[in-house]
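Breakdown of the fold
What follows is each chain in one-letter form.
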Amino acid sequence: MPRIFLTLGAINAFLCVLFGALGAHGLKHALTTDMLVIFQTGVQYHFYHALGLILVGLGLLTNLSQSRLLKLSGWLMFIGIVLFSGTLYIISVTGIRGLGVIAPFGGLSYMSAWLLFAYAAWTGK
């Protein structure tokens, strides 16, 4: 299981660099300032949680190797990336702001993931 989260984290970190470069160079003149800010927010949170996935993977290599809560935390981080950052990417490129109703579910996934991470680390469960 650690390999899954380490791999997901590394792939997502790669995607963050790719999307960051795309936003800074390719989309800079194609998007409005508002949409570019939305895109950059997606990249920022995406990167934080790519690192979070790596932390989950590393945590599973320690005495938390059997922690179901830590594994759930990793999956919630991944779901958050898809729902939150993914939605922001789509909104910024398409201009379909109605998709914004999805992003809060990603935010809840992110917050839940970090709370579970903290609880798993504190309790060793």
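In what follows, the structure referred to is the one given above.
Residues numbered from 1 in each chain as written. Predicted model: local features only at pLDDT ≥ 70, side-chain atom pairs only at ≥ 80, totals over all residues. Heavy atoms only, no water.

Now for the side chain of N12. If you trace the backbone, N12 turns up in helix α1 (residues 2-26). Here N12 falls in the buried class, since its relative accessible area comes to 5%. A polar contact is formed between the side chain of N12 and the backbone oxygen of L8, at a distance of 2.8 Å. N12 has contacts with H46, A50, L53, F78 and I81, leaving out every residue within four places of it along the chain. (Helix = DSSP H or I, 4+ residues; strand = E, 2+ residues; numbered from the N terminus. Buried < 20%, exposed > 50% of the residue type's maximum accessible area, 1.4 Å probe, protein only. Polar contact = N/O pair within 3.5 Å; in protein donor to acceptor, adjacent residues only side chain to side chain. Contact = heavy atoms within 4.5 Å.)

Let us look at the packing of α1 against helix α2 (residues 33-60). At a minimum axis distance of 8 Å, the contact between α1 and α2 shows a crossing angle of 160°. The angle between the axes of α1 and α2 places the two elements in the roughly antiparallel class. Along this stretch, α1 crosses α2, giving a crossing that reads as left-handed. For the contact of α1 with α2, the class distribution of residues is 20 nonpolar, six polar and no charged. (Axes fitted to C-alpha atoms, helices over the stretch in contact; angles between N-to-C directions. Parallel < 35°, antiparallel > 145°, perpendicular 65-115°, else oblique. Left-handed = near helix turned anticlockwise from the far one by under 90°. Nonpolar A, V, L, I, M, F, W, Y, C, P; charged D, E, K, R; others polar.)

Honestly, that's just the spatial picture; any functional story needs more than this.
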